[in-house]
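As a plain string of letters, each chain reads:
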Amino acid sequence: DAGITQSPRHKVTETGTPVTLRCHQTENHRYMYWYRQDPGHGLRLIHYSYGVKDTDKGEVSDGYSVSRSKTEDFLLTLESATSSQTSVYFCAISPGTGGREQYFGPGTRLTVT
Amino acid sequence: QQQVKQSPQSLIVQKGGISIINCAYENTAFDYFPWYQQFPGKGPALLIAIRPDVSEKKEGRFTISFNKSAKQFSLHIMDSQPGDSATYFCAPQKAGGTSYGKLTFGQGTILTVHP
């Protein structure tokens, strides 16, 4: 494994509540990404980071925000969870070789009821 | 907006057979063409990748063929084994610069290899 952990691994929450998912790496890699995986859609990029405090939006960023105050941690926040955000969330890291090699975490299964 | 189209959606192969999965893309700025393998309950893992300056790359039983003019690349798994049963994703990307290697995933192909 590439030294990536995600927490929590499973979470059930109610519509309208805020939720924060954490990605932690021990590799000191520069690039970090958040993807969501849904049946029939493959994986889609939510947000990414190319350094501490440097973040940008991906393909499906509406309803999500991120923060990266330390190299090792990348947080994904759902400000007010909706049922459409029920998904499996994956964090990925890359050593900065242009992002060519990405290593994925084990995922967080989030259910919004 | 379907920038990446992968086929087939599912594939059943007998042990020892050849598995072929195709990926078509639209964005001519892509300059790195990886395939990821995902087992149930796990995150995707980089399997093999090719740069556009070569037409084929082989790593063990896995081969990528790349056709730049057709904007297509494919994954060939020779001598398929039951342990290859997984979901495979193509995920072309524009590496480096201000693209930061963002992956654009295909929809995935579920491969089942029967013993």
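Please refer to the structure higher up on the page.
Residues numbered from 1 in each chain as written. Chains lettered and ligands numbered in written order. Predicted model: local features only at pLDDT ≥ 70, side-chain atom pairs only at ≥ 80, totals over all residues. Heavy atoms only, no water.

Caption draft 1: Spotlight on the interface of chain B and chain A. At the interface, 21 residues of chain B touch 21 residues of chain A. Of all residues in chain B, B:Y100, B:K102 and B:F105 bury the most surface against chain A, accounting for 33% of the area lost on that side. Remark: the boundary between chain B and chain A carries 0 salt bridges. At the boundary of chain B with chain A, the tally comes to 2 residue pairs in polar contact (both at pLDDT 80 or more). Per-class residue counts for the side of chain B that touches chain A are 9 nonpolar, 9 polar and 3 charged. (Contact = heavy atoms within 4.5 Å. Buried area = accessible area lost by both parts, 1.4 Å probe. Salt bridge = Lys/Arg side-chain N within 4 Å of Asp/Glu carboxyl O. Polar contact = N/O pair within 3.5 Å; in protein donor to acceptor, adjacent residues only side chain to side chain. Nonpolar A, V, L, I, M, F, W, Y, C, P; charged D, E, K, R; others polar.)

Caption draft 2: Focus on the sheet that holds strand β8 (residues 72-77) of chain B. Residue and element names in this part refer to chain B. Spatially, β1-β3-β8-β7-β6 is the arrangement adopted by the 5 strands of the open sheet, whose pairing is antiparallel. Because the sheet does not close on itself, it has two edges, and the strands there are β1 (4-7) and β6 (56-59). Ignoring which end each strand starts from, the neighbouring axes of this sheet average 15° apart. Here 6 bridges tie strand β7 (residues 62-67) to β8, and the two strands are oriented antiparallel to one another. Counterpart to I64 in the pairing with β8 is L75. (Pairing = 2+ DSSP bridges. Helix = DSSP H or I, 4+ residues; strand = E, 2+ residues; numbered from the N terminus. Axes fitted to C-alpha atoms, helices over the stretch in contact; angles between N-to-C directions.)

Caption draft 3: Representation of the nonpolar core in the model. In terms of nonpolar packing, the biggest core is built from 23 residues, with B:F33, B:W35, B:I48, B:F73, B:L75, B:Y88 and B:L111 touching the most fellow members. Counting only elements with at least two residues in this core, the list comes to β2 (10-14), β3 (19-25), β4 (33-38), β5 (45-50), β7, β8, β9 (86-90) and β10 (109-114) of chain B. Among residues more than four places away in sequence, those in contact with B:F33 are B:Y25, B:I48, B:A49, B:I50, B:P52, B:I64, B:F66, B:F73 and B:P92. Grouped together as the second largest cluster of nonpolar side chains are 19 residues, A:W34, A:V66, A:I93 and A:L110 included. (Core = buried A, V, L, I, M, F, W, Y, C linked by side-chain atoms within 4.5 Å. Buried < 20%, exposed > 50% of the residue type's maximum accessible area, 1.4 Å probe, protein only.)

Caption draft 4: Representation of a nonpolar patch on the surface within the structure. Residues B:I18, B:I20 and B:M78 make up a contiguous nonpolar surface patch of roughly 240 Å² in combined accessible area. Looking at where B:I18 falls in the secondary structure, it is placed in the loop between β2 and β3. (Patch = residues over 30% accessible without salt bridge, like charges linked within 9 Å, V, L, I, M, F, W, Y side chains within 5 Å. Areas by Shrake-Rupley, 256 points an atom, 1.4 Å probe, with all protein chains shown as cover.)

Caption draft 5: Representation of the environment of B:T63. Residue and element names in this part refer to chain B. For T63, the location among the structural elements is in strand β7. Taking relative accessible area as the criterion, T63 reaches 9% and is therefore assigned buried. Between the alpha carbons of T63 and S74 there is a distance of 8.1 Å; along the sequence they are 11 residues apart. Setting aside residues up to four positions removed in sequence, T63 forms contacts with I48, E56, K57, K58, S74, L75 and H76.

Caption draft 6: Structural view of the pattern of salt bridges. Residues and elements named next belong to chain A. Enumeration over the complete set of coordinates arrives at 7 salt bridges over all chains. The salt bridge partner of D73 is R22, with a shortest N-O separation of 3.1 Å. With D73 in strand β8 (residues 73-78) and R22 in strand β3 (residues 19-25), this pair connects stretches of sequence that are 51 residues apart. Judged by relative accessible area, R22 falls into the partly exposed class, the value being 34%. Linking K70 and D73 is a salt bridge whose minimum nitrogen-to-oxygen distance equals 3.3 Å. According to the relative accessible area criterion, D73 is buried, its value standing at 8%.

Caption draft 7: Highlighting the sheet that holds β4(B). Residues and elements named next belong to chain B. Here we have 5 strands laid out as an open sheet, ordered β2-β10-β9-β4-β5, and mixed in their pairing. In the strand order of this sheet, the two ends are held by β2 and β5, each with one partner. Neighbour-to-neighbour, the strand axes of this sheet turn through a mean angle of 25°, independent of strand direction. Inspection of the sheet shows β4 paired to β9 by 4 bridges, in the antiparallel sense. If you follow Q37 over to β9, its bridge partner there is Y88.

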